Amino acid sequence: MNDSKAKLARLLMALSYSEGDFVLTSGRKSDYYFDCRQTALNPEGCYLIGKLFLEMLEGSGARAVAGMTMGADPLVSSVAVLSHIEGRPIPAIVVRKQSKGHGTNQFLEGLKNVQQGDTIALLEDVVSTGGSLLAVAERVRAAGFTVGSVLCVLDREEGGREALAGAGLELKSIFTRKELLAAAKG
């Protein structure tokens, strides 16, 4: 495991991982909760997540990254900023949970930075059932784009990967829960 991934594992466990009784977005109950925003909004965590996502996007053909607000906002922003610094700019798109209801009434923000038909990579913090990513993929496709890479920080290994595969999308994660727990101990 590379140094960036090991550092990120320690930060995620310190800032984002809690054990107890929780109800997830999917409605499922869980004995642990992973609040990636705590790490993604930390300066070092934001940098490490962006760096690792950029490495995963290498050669993918992605012309932009997109994710559902609010969890993916720091993820797509980190990738956009770091890609600019590295001289290979990848713009960010934020996908709304609901359309604006006024003005252009759109689901996607940041469209002036991409062209119709571009390939867009989807980013997510935590994947359980894959429902949020399926909604993002549907909105990105409906807006005239191609969905490319689908990346997350943590795959809870609760059926999301399989649900996405059923929709023709391949999920790649920085960590699965098992990998994260092992990396944090190492």
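Structure report, in brief. Please read all numbers here as calculations on a predicted model, not as lab measurements. (Residues numbered from 1 in each chain as written. Predicted model: local features only at pLDDT ≥ 70, side-chain atom pairs only at ≥ 80, totals over all residues. Heavy atoms only, no water.)

**Some remarks on the overall build of the protein chain**
- Summing up its helical and strand segments, the protein chain has seven helices and eight strands in all.
- Computed over its C-alpha atoms, the radius of gyration of the protein chain comes to 16 Å, within 12% of the 16 Å expected for a compact globule of 186 residues.
- Taken along its principal axes, the extent of the C-alpha atoms in the protein chain is 45 × 40 × 30 Å.
- Out of the 186 residues in the protein chain, the part that is buried amounts to 44%.
- The long-range share in the protein chain, meaning contacts at least 24 apart out of those at least 6 apart in sequence, stands at 64%.
- Taken as a whole, the protein chain presents about 9,200 Å² of accessible surface, with 49% of it coming from carbon and sulfur.
- Between the averaged position of the 21 positive side-chain charges in the protein chain and that of its 21 negative side-chain charges there is a distance of 2 Å. (Helix = DSSP H or I, 4+ residues; strand = E, 2+ residues; numbered from the N terminus. Rg over C-alpha atoms; globule rule 2.2 N^0.38 Å. Buried < 20%, exposed > 50% of the residue type's maximum accessible area, 1.4 Å probe, protein only. Contact = heavy atoms within 4.5 Å. Areas by Shrake-Rupley, 256 points an atom, 1.4 Å probe, with all protein chains shown as cover. Lys, Arg positive; Asp, Glu negative; His and termini not counted. Charge placed at Lys NZ, Arg CZ, Asp CG, Glu CD.)

**Section: helix H3 (residues 43–57)**
- If you check H3, its first and last C-alpha atoms are 21 Å apart, about what 15 residues at 1.5 Å a residue would give, namely 21 Å.
- Listing the buried residues of H3 in full gives Gly45, Leu48, Ile49, Gly50, Leu52, Phe53, Leu54 and Leu57.
- For H3, the side-chain oxygen to backbone nitrogen distance between the N-cap and Glu44 is 2.9 Å, and the N-cap itself is Asn42.
- Just downstream of H3 lies Gly59, where phi reads positive at about 75°. (Expected span 1.5 Å × (residues − 1). Polar contact = N/O pair within 3.5 Å; in protein donor to acceptor, adjacent residues only side chain to side chain.)

Remember, this is a structural readout, not a statement about activity or role.
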